[in-house]
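# Working through the structure, step by step
Spelled out from the first residue to the last, the chains are:
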Amino acid sequence: MAEQTIIVTGSKGGAGTTTVALNVATQIAQLTKKRTALLELARPFGQIALMLDIEPRFTLLDALDRGARLDAAVLASLMTRHKIGVDMLLGARHLALTAEQRQRATIDGLLHILEMAQAAYDFVIVDLGFVNAAEWARVLQAAGTLLLVSEPSELALGMLRRYLEAVDSAGLEREHFRIVINRARQNDEEMIFRHESSLRQTFFAQLPNDYRQVSDAVKLGIPLVANSNNPLVARYRQMVMQLTRPSAPSVRPMAEPEASASHK
Ligand SMILES: Nc1ncnc2c1ncn2[C@@H]1O[C@H](COP(=O)(O)OP(=O)(O)OP(=O)(O)O)[C@@H](O)[C@H]1O
Ligand SMILES: [Mg+2]
């Protein structure tokens, strides 16, 4: 049974959910050397294969197609093994489903896949994308750790507030969501602090904005592992150490100068 299931979800689209899930999985595999799975459940189609420049033999659709016949061994056989040490169930190229597939692409179908991954791996990381918390409550509850990704803009932090209100009305506990501010710049500190105070929730981590590092990783088809002196990579590593050792202090605030040129 998995030691830890980490679901990464966004408080809006485009906040960096996939980048965070991929790099958290990578750092976990590197630091723990344990069996690590990354499930790309975000819809309507997968993004990680493009980011890593790989052509998966099987995808989420194949896992859904197996229905109840999917056990831990079958799931393991559908995973794409990446040299970084992470087994990935990659999202489909599209979810233009047949009627039969549509019946299986349900929350129950996805939960079954998650359970099988928990049976086969020590760490399971899920890219869930941006979802309606009420509709996806059962999946969100299956996580030991929930990372909720947002960005340092008034719009994104306003969306974060709405997301947390939706969490409350779905009967979920907002304290279970650890908020990760992605693409933070030094001059965002004041705005971040203001939103933390008004939400009365300390954000779990801030990941610096580093357009060049992230886009180079995509160009090279690798997650962010190459340059361990880079503040963004260092912050991912710190965050993962914190996640896998829950008693350590939280990862904030930013101390280093802003990472290399940021164009976004
Ligand atoms: N720390 C960072 N610094 C700079 N750019 C980043 C950082 N993290 C992610 N990005 C960039 O932000 C964009 C959105 O990231 P990503 O695709 O991971 O978001 P997402 O939440 O998964 O989006 P979607 O809702 O479309 O699935 C990408 O272009 C990515 O390269
Ligand atoms: Mg994504």
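The structure reproduced in this document is the subject of the present report.

Here is what the cut-offs are and how they apply
Residues numbered from 1 in each chain as written. Chains lettered and ligands numbered in written order. Predicted model: local features only at pLDDT ≥ 70, side-chain atom pairs only at ≥ 80, totals over all residues. Heavy atoms only, no water. 1 Å grid on protein atoms, 1.4 Å probe; cavity = no way out; pocket = protein on both sides within 12 Å on 5 of 7 lines; lining within 4 Å. Points joined across faces, edges and corners; volume = space filled by probe spheres on them. Helix = DSSP H or I, 4+ residues; strand = E, 2+ residues; numbered from the N terminus. Nonpolar A, V, L, I, M, F, W, Y, C, P; charged D, E, K, R; others polar. Near = heavy atom within 4 Å. Polar contact = N/O pair within 3.5 Å; in protein donor to acceptor, adjacent residues only side chain to side chain. Sits in = over half its atoms within 2 Å of the grid points. Donors = N, O, S within 2.8 Å, 3.2 Å for Na, K, Ca; no water. Buried < 20%, exposed > 50% of the residue type's maximum accessible area, 1.4 Å probe, protein only. Salt bridge = Lys/Arg side-chain N within 4 Å of Asp/Glu carboxyl O.

This part covers the layout of surface pockets. In this structure, the largest pocket occupies an estimated 690 Å³ of space. G14, G16, T17, T19 and Q47 are the residues nearest the centre of the largest pocket, which is lined by 34 residues in total. The element contributing the most residues to the lining of the largest pocket is helix α10 (residues 211–220), with 4 residues. Here the lining of the largest pocket is built from residues that sort into 16 nonpolar, 11 polar and 7 charged.

With respect to spatial proximity, 17 residues lie near ligand 1, and among them G14, G16, T18, T19 and Q47 are the closest. G14 has a polar backbone atom sitting 2.7 Å from an oxygen atom of ligand 1. In this structure, a nitrogen atom belonging to ligand 1 sits 3.0 Å away from a side-chain N or O atom of N182. In this structure, ligand 1 is accommodated by the largest pocket. Broken down by element, the shell around ligand 1 gets its largest block of residues, 3 residues, from helix α1 (residues 17–32). A per-class count over the shell around ligand 1 returns 5 nonpolar, 9 polar and 3 charged.

Right, let's talk about the coordination of the magnesium ion (ligand 2) for a bit. Octahedral metal centres with six donors ideally show angles of 90 or 180 degrees, and tetrahedral centres with four donors ideally show 109.5 degrees. Summarising the metal site, the magnesium ion (ligand 2) is bound by the protein donors T18 (OG1) and Q47 (OE1), whose distances to it range over 2.0 to 2.3 Å. One end of the pair, T18, is in helix α1; the other, Q47, is in the loop between β2 (36–40) and α2 (48–52), and 29 residues separate them in sequence. Here T18 falls in the buried class, since its relative accessible area comes to 7%.

What follows deals with the pattern of salt bridges. Within this structure, the stated rule accounts for 10 salt bridges. Residue E151 is joined to K12 by a salt bridge in which the shortest nitrogen-to-oxygen separation is 3.1 Å. You can see E151 sitting in the loop between β6 (145–150) and α8 (154–169) and its partner K12 sitting in the loop between β1 (4–10) and α1, a full 139 residues away along the chain. Note on accessibility: E151 and K12 belong to one class, buried. Notably, a salt bridge pairs R185 with D188, separated by 3.2 Å at the nearest N-O pair. Residue classification places D188 among the buried residues on the basis of a relative accessible area of 4%.

The analysis is restricted to geometry; functional conclusions fall outside its scope.
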